[in-house]
Amino acid sequence: MTQLILHISAQGMTAFEQDGRGLHETGWFPADKTGLETFAAALNTLGRVPVGILTDFIEEEFRVESLPHVRGRDRVALHQRHAARLFRATDFQYSRVVGRQQTQRRDDLVLFSALANPDLIGRWLAVLDTRKIPLAGIHSVAMLSERLVKPLDLAEAKVLLVTHNRNGGLRQTYLEQGKVRFSRLSPEHGRPSGAYARHIAGEISKTRRYLGSLQFLTPDEKLAVCIISGGSLLAELESCQDERLADRYQIHDVAGLAAKLGCHVAENEAFCDRLFASLLAGGGKPNLYAAPAHLRHYQTYRLRKGLHATSLATVCAALLWSGINVSDGLIFRERGMQTALLAQQAQARYDAMAGRLPDIPVNAGDIAAAVRVAGYIEAWRSQPGPLLMNISRGLGRHANLQVNEIAWRSDPGDDAGVDDAAEESGLEDEALESEAAGDAREKVQYAVVKGKIEPFDGNYLRAHRDIESFARALRGQPQISEVEILTLPLNVSQAATVEGQFGRQQVEDAKFSVGIKMRRDDEKVL
Amino acid sequence: MKKSCDLDLSALRTSLLWLLGAVIVASLLIASSLHFRAAMENEKRAQDSRLQALVRNYQDLVEAERIIETLFGRYRKLEARGFIGEEPRLQWLETLRRMGEENGILAMEYRLHEQRPYSLPPAVDSGSYQVYASAMDLQVDALHEGDLLLFLDHLHGQESGLVVVDGCTLRRQGGDEVLPGAANVRAACKLSWFSIRVQDDDAMGGEEFM
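Residues numbered from 1 in each chain as written. Chains lettered and ligands numbered in written order. Predicted model: local features only at pLDDT ≥ 70, side-chain atom pairs only at ≥ 80, totals over all residues.

Enquirer: What is the right way to look at the overall build of chain A in this model?
Expert: Tallying secondary structure elements over chain A gives 14 helices and 18 strands in all. When the 526 residues of chain A are sorted by exposure, 35% land in the buried category. A separation threshold of at least 6 residues defines the contact pool for chain A, and within that pool the share at least 24 residues apart is 71%. (Helix = DSSP H or I, 4+ residues; strand = E, 2+ residues; numbered from the N terminus. Buried ≥ 20, exposed ≤ 12 C-beta atoms within 10 Å, placed from the backbone. Contact = placed C-beta atoms within 7 Å.)

Enquirer: Is there a simple way to think about the overall build of chain B in this case?
Expert: Along chain B, the regular secondary structure elements total 4 helices and 4 strands. Taken across its 210 residues, chain B has 28% of its residues classed as buried. Here the contacts in chain B between residues at least 6 apart in sequence split such that 71% fall between residues at least 24 apart.

Enquirer: Explanation requested: the sheet that holds strand β9 (residues 158–165) of chain A in the structure shown.
Expert: Two pairing modes exist for strands in a sheet, parallel and antiparallel, and in both the strands are linked by backbone hydrogen bonds. Residues and elements named next belong to chain A. An order of β11-β10-β9-β12-β13 is seen for the 5 strands of this open sheet, with the pairing classed as mixed. The outermost strands of the open sheet, each flanked by one partner alone, are β11 (179–186) and β13 (248–253). Adjacent strand axes in the sheet meet at a mean angle of 20°, parallel and antiparallel pairs treated alike. Note: strand β12 (residues 224–229) against β13, 6 bridges, orientation parallel. When the bridges of β13 are listed, Ile-227 appears paired with Ile-251. In the packing of helix α6 (residues 196–213) onto the sheet, contacts are made with β9, β10 (169–176), β11 and β12, and the angle to β10 comes to roughly 40°. (Pairing = 2+ DSSP bridges. Axes fitted to C-alpha atoms, helices over the stretch in contact; angles between N-to-C directions.)

Enquirer: Help me out: how do you make sense of the packing of helix α10 (residues 296–356) of chain A against helix α1 (residues 9–80) of chain B in this one?
Expert: To describe two helices that pack against each other, one gives the angle between their axes and the distance between the axes. Running from amino to carboxyl end, α10 of chain A crosses α1 of chain B at an angle of 15°, the nearest separation of the two axes being 7 Å. It follows from the interaxial angle that α10 of chain A and α1 of chain B lie roughly parallel. For the pair α10 of chain A and α1 of chain B, the crossing hand works out as left-handed. Grouping the amino acids of the contact of α10 of chain A with α1 of chain B by side-chain chemistry returns 35 nonpolar, 15 polar and 12 charged. (Parallel < 35°, antiparallel > 145°, perpendicular 65-115°, else oblique. Left-handed = near helix turned anticlockwise from the far one by under 90°. Nonpolar A, V, L, I, M, F, W, Y, C, P; charged D, E, K, R; others polar.)

Enquirer: Please clarify how the nonpolar core should be interpreted in this entry.
Expert: Soluble globular proteins tend to bury their nonpolar side chains together. Residues and elements named next belong to chain A. Leu-6, Leu-54, Leu-135, Val-162 and Phe-276 are the most contacted members of the largest nonpolar core, which has 77 residues in total. Among the elements that make up this core, the one with the highest residue count is helix α9 (residues 273–281) (6 residues). Excluding its chain neighbours within four sequence positions, the residues that come into contact with Leu-54 are Ile-5, Leu-6, His-7, Ile-8, His-139, Ser-140, Val-141, Leu-144, Phe-276, Ala-277 and Leu-280. (Core = buried A, V, L, I, M, F, W, Y, C linked by C-beta atoms within 7 Å.)

Enquirer: Would you explain the interface of chain B and chain A in this entry?
Expert: A common way to express how large an interface is: the accessible area buried when the components associate. The interface is formed by 86 residues belonging to chain B together with 85 residues belonging to chain A. Listing elements by their share of the side of chain B that touches chain A, those giving two or more residues are α1, β1 (105–119), β2 (129–142), α3 (145–157), β3 (162–172) and β4 (185–198) of chain B. A total of 39 residues in the side of chain B that touches chain A trace back to one element, the largest contributor, which is α1 of chain B. Looking at the side of chain B that touches chain A, its residues break down into 52 nonpolar, 12 polar and 22 charged. Relative to β3 of chain B, strand β14 (residues 401–411) of chain A runs antiparallel, the two being bridged by 5 bridges. Residue pairing across strands places Trp-408 of chain A opposite Cys-168 of chain B, the latter belonging to β3 of chain B.

Below, the structure is given as structure tokens:
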């Protein structure tokens with residue numbers, strides 16, 4: 001993403017453009033009317049790209065105050081009130097907790113910082129705001145120095161980091177436990193060649209005394225001093241090693257440090273401007289000093305980007321979904337065409353077969369149904385012949401039994417019948433009817449044989465024996481499943497009254513009846 | 001330190017329009033693709049249904065061919081026998097008379113009742129046909145039981161109508177001896193004459209009459 005990094009000092013502003021190829025300097029704009037106009041003209045060509053501001057002012061103030069330990073909104077409100085008291089003339093304020101006191105109430109140690117002269121940055125902000133350029137945030141070289149602690153492997157608790165910026169001057173930042181506590185900028189006013197090392201040593205000595213006055217250092221406490229320089233300045237510093245005896249000095253090459261941080265800096269680069277610009281462009285917390293009002297174009301910019309991204313994502317998702325749908329549709333179409341081809345072939349076979357069928361006035365289903373019904377009726381209809389043959393065989397050895405009546409009935413043995421329930425069999429015998437009802441599922445024939453003993457001499461005992469013998473003979477016939485004597489010449493049941501007479505000439509008829517049940521037999525008898 | 005941040009809504013107008021356009025385009029794309037997919041799916045389903053119907057029709061046709069080859073002759077015989085369609089009552093009575101004469105039946109009284117619908121067991125599928133049965137009370141005088149049995153047997157096998165003997169009651173007439181030329185046995189039988197008709201034909205007949 002293209003963005004603009006503006007490194008602003010009291011003298012002017014250096015603009016860096018970060019794009020896909022890296023960070024490159026686009027121009028220097030002096031802090032006067034001409035510089036502002038030139039900058040405005042340059043902005044017109046750049047368009048609305050987000051801008052990050054890196055300040056490097058003498059008027060950046062730092063205070064470490066102890067405040068009651070509170071959390072959440074209370075902490076924010078407390079810090080805001082305190083910052084407003086400390087820095088009445090500026091809105092460019094920042095605060096954060098850097099530690100806690102080890103004694104008493106264990107109050108928070110809060111670092112307050114501010115850009116004390118808002119005019120130095122305000123004129124540049126006005127140019128940006130006029131053109132609705134999105135301001136991502138305002139940072140400072142001093143606060144950004146914290147990000148160098150880790151790559152420099154500064155293990156000491158108290159470190160003075162010395163950087164030299166081309167337009168700002170000599171920046172000395174004091175850090176405790178890797179956190180900024182104080183920073184001081186010494187402007188460059190020209191110096192004789194070869195006096196660089198002595199100049200730095202002098203500035204460090206001043207800073208050290210100031211830190212002592214602020215009670216950051218005791219008089220005997222040694223301070224780790226880390227100087228970042230490069231090119232000819234670095235060589236000059238290394239040639240004056242004898243002058244840095246009081247403290248533990250480290251000298252680091254700008255280019256080497258930049259390489260460690262993944263930034264591109266020229267080999268002979270002597271200043272740290274580009275390094276800090278790269279750090280700010282590289283991400284992290286972009287804003288310290290800008291108020292929400294300064295960031296409104298950036299919020300709008302982000303929202304606009306978000307809307308664009310959402311629009312793009314919506315269209316992409318729709319394209320993806322539509323693609324899947326179209327793909328599915330094409331698959332369905334292909335399969336449908338294959339099915340249509342099969343259907344065409346099936347239709348041809350159907351037509352060919354239909355053409356072969358004879359032209360008949362009735363459909364096949366009706367033919368099958370008619371034949372099925374006729375077959376069913378023919379299958380269960382029966383004839384009385386087989387049953388009568390069995391009765392005849394049973395009578396063969398009982399010449400004295402004379403049959404006067406045979407009632408025969410066939411039962412289809414299922415739920416078939418005339419719909420009118422009043423249609424009943426003509427058989428009179430109730431016993432046989434109930435018997436039939438019990439075996440409704442069998443295909444059976446029923447018969448009731450009525451007859452008499454002829455001649456009968458009045459011997460009921462013999463008559464009964466003959467009838468029982470007849471019944472036994474019937475039971476031995478094929479397919480006869482049940483034979484029951486329904487009535488005997490004389491009812492000798494214990495539940496009934498028996499009466500009669502002996503000795504007279506006329507003897508009553510010895511009538512009897514026998515019920516027979518026979519399983520259906522399809523064989524023909526006659 | 002934090003102050004309210006007012007957005008520059010005028011700068012968002014274009015983006016919002018882009019989003020609206022994107023939503024509209026996306027909706028159109030999705031709707032049209034869904035429509036295309038649904039149309040193709042419906043087309044495929046229609047083709048599937050058509051193929052399935054054709055396969056079913058073809059199978060039915062194969063079955064119909066088999067039925068016609070195997071059962072149509074039997075159907076024609078049933079039709080000729082008067083089993084299918086209107087009852088040929090005169091034909092039945094003539095058959096009855098002829099059978100009586102041929103089997104030595106001395107006298108015969110009949111009463112053919114009105115036709116009634118007959119219900120087959122549910123297992124027997126009668127298709128579009130309704131089965132009817134006409135009950136007949138038949139009283140027969142015969143010289144001997146054998147004549148009666150022959151008569152009934154021949155009645156079963158005759159080619160006119162489909163008749164079923166439901167039951168018979170045989171009574172000996174006169175004395176114990178069998179008298180030549182006399183009606184020694186009298187039988188009262190119940191018969192059912194069956195026929196079938198296509199159910200729609202009944203409705204049509206009724207409408208025409210009305």
